[in-house]
Protein chains: 2
Amino acid sequence: MSKTLKTTALTADAFAPYGDVIEISGAPDKMINQGMCGRYHDLALLDFNDGRAGISLFDARARALPHVVDMVERHPMGSQAFLPLSPLRFLVVVADDTDGTPTNLKAFVTTPGQGINLHRGIWHGVLCPLGTQGKFAVIDRIGDGANLEEHWFDAPYVVNSVD
Amino acid sequence: MSKTLKTTALTADAFAPYGDVIEISGAPDKMINQGMCGRYHDLALLDFNDGRAGISLFDARARALPHVVDMVERHPMGSQAFLPLSPLRFLVVVADDTDGTPTNLKAFVTTPGQGINLHRGIWHGVLCPLGTQGKFAVIDRIGDGANLEEHWFDAPYVVNSVD
């Protein structure tokens, strides 16, 4: 028996308990290059326990709805940012933590142009570009140690549609 | 009297003296998400003198050719990575340093999908998305201190075409 997970649009306020929305919004913090370029400054809380920041690229296959969420994972040693390299939408599933168990799952759908930074230790689903292959820049922790925990659900969740 | 600067295609080998090309090439270092996503791991040398890594977004106006290079700049305290958030081409002007003066300028044109990481202290031109507005994720140093030097040329360089 699966449980349905409704989606909502990704906004900075709604996502604040889980991480940062990385997006161009409002006026730039600074104009550079003789007025030709706006800088939106320092949009994510990078947090790497005894490691260092690195840039990797992820090449993710397209996902379709309905999407089954049978597992979430978390990285106890570092934050993890995802920046799509094309203006696609992706599904972001996150959860609270109750004594080591993911609870109160939420599903967000991005607007093209939005990226996210998951704060350290936040339970989250797999990378889900919707309807198209997705390439992402990923800024996360480079270092040794056990930085991946998975939780598989006995009763999976299902995202049926973009609500 | 301006000097003409020829362009070449951006490749990792040709760019190695100046920085890293951040691109998907060959087989992934690791498959994740039950085989649905390839990770190309740790593609850039991030190097931040007494600061920290941050993620910012740059919104740059379109540039057209011919493009006049009347100034290059460098950041003595940190590397700076540029990842286009759409599959555009951008012009990358870099130079060697001779006793504090930029010399031996080179101009590269990216292939859509390529990003770059300029190593700490490398002279470089302004951000130049070709023919279209460009939004970029920028991973650079967040911190105090004088991290910008500019050099204005008496005789500018001109990039006339993509060669």
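Residues numbered from 1 in each chain as written. Chains lettered and ligands numbered in written order. Predicted model: local features only at pLDDT ≥ 70, side-chain atom pairs only at ≥ 80, totals over all residues. Heavy atoms only, no water.

## A word on the nonpolar core
Step number 1: The biggest cluster of nonpolar side chains holds 26 residues, and the ones touching the most others in it are A:Ile55, A:Leu83, A:Ile139, B:Ile55, B:Leu83 and B:Ile139.
Step number 2: The contacts of B:Ile55, once residues within four sequence positions are left out, are A:Ile22, A:Asp42, A:Leu43, A:Ala44, A:Leu46, A:Ala81, A:Leu83, A:Ile139, B:Val138 and B:Ile139. (Core = buried A, V, L, I, M, F, W, Y, C linked by side-chain atoms within 4.5 Å. Buried < 20%, exposed > 50% of the residue type's maximum accessible area, 1.4 Å probe, protein only. Contact = heavy atoms within 4.5 Å.)

## Details of the interface of chain B and chain A
Interfaces are often sized by the amount of accessible area the parts lose when they come together.
Step number 1: Contacts between the two partners involve 47 residues from chain B, matched on the other side by 47 residues from chain A.
Step number 2: Between chain B and chain A lies a buried interface of about 3,800 Å² when both sides are counted; carbon and sulfur atoms form 60% of it.
Step number 3: It is B:Met36, B:Ile55 and B:Leu57 that lose the most area in chain B upon contact with chain A, and together they represent 20% of the buried surface on that side.
Step number 4: Summed over the shared surface of chain B and chain A, the number is 4 salt bridges.
Step number 5: Between A:Asp140 and B:Arg39 there is a salt bridge whose closest N-O contact spans 2.8 Å.
Step number 6: At the surface where chain B touches chain A, the tally comes to 20 residue pairs in polar contact (both at pLDDT 80 or more).
Step number 7: Every element with two or more residues in the side of chain B that touches chain A is listed here: β5 (37–40), β6 (52–60), β7 (67–74), β8 (80–84), β14 (134–142) and β15 (149–159) of chain B.
Step number 8: Broken down by class, the residue content of the side of chain B that touches chain A amounts to 27 nonpolar, 9 polar and 11 charged.
Step number 9: Two strands pair when backbone bridges link them, and strand β5 (residues 37–40) of chain A and β6(B) are joined in this way by 4 bridges, in the antiparallel orientation. Residue pairing in the sheet places A:Gly38 in a bridge with B:Asp59 of β6(B). (Buried area = accessible area lost by both parts, 1.4 Å probe. Salt bridge = Lys/Arg side-chain N within 4 Å of Asp/Glu carboxyl O. Polar contact = N/O pair within 3.5 Å; in protein donor to acceptor, adjacent residues only side chain to side chain. Helix = DSSP H or I, 4+ residues; strand = E, 2+ residues; numbered from the N terminus. Nonpolar A, V, L, I, M, F, W, Y, C, P; charged D, E, K, R; others polar. Pairing = 2+ DSSP bridges.)

## Some thoughts on the environment of A:Ala146
Residues and elements named next belong to chain A.
Step number 1: Secondary-structure assignment places Ala146 in the loop between β14 (134–142) and β15 (149–159).
Step number 2: Sequence-wise, Ala146 and Met77 are 69 residues apart; in three dimensions their C-alpha atoms are separated by 8.0 Å.
Step number 3: In this structure Ala146 touches Pro76 and Met77, once residues within four positions along its chain are discounted.

## Side note on the confidence of the model for chain A
Step number 1: For chain A, per-residue confidence averages 97 on the pLDDT scale, and residues scoring 70 or more make up 99% of the total.
Step number 2: Interface confidence for the predicted complex, given as ipTM, is 0.96, next to a pTM of 0.97. (pLDDT = per-residue confidence, 0-100.)

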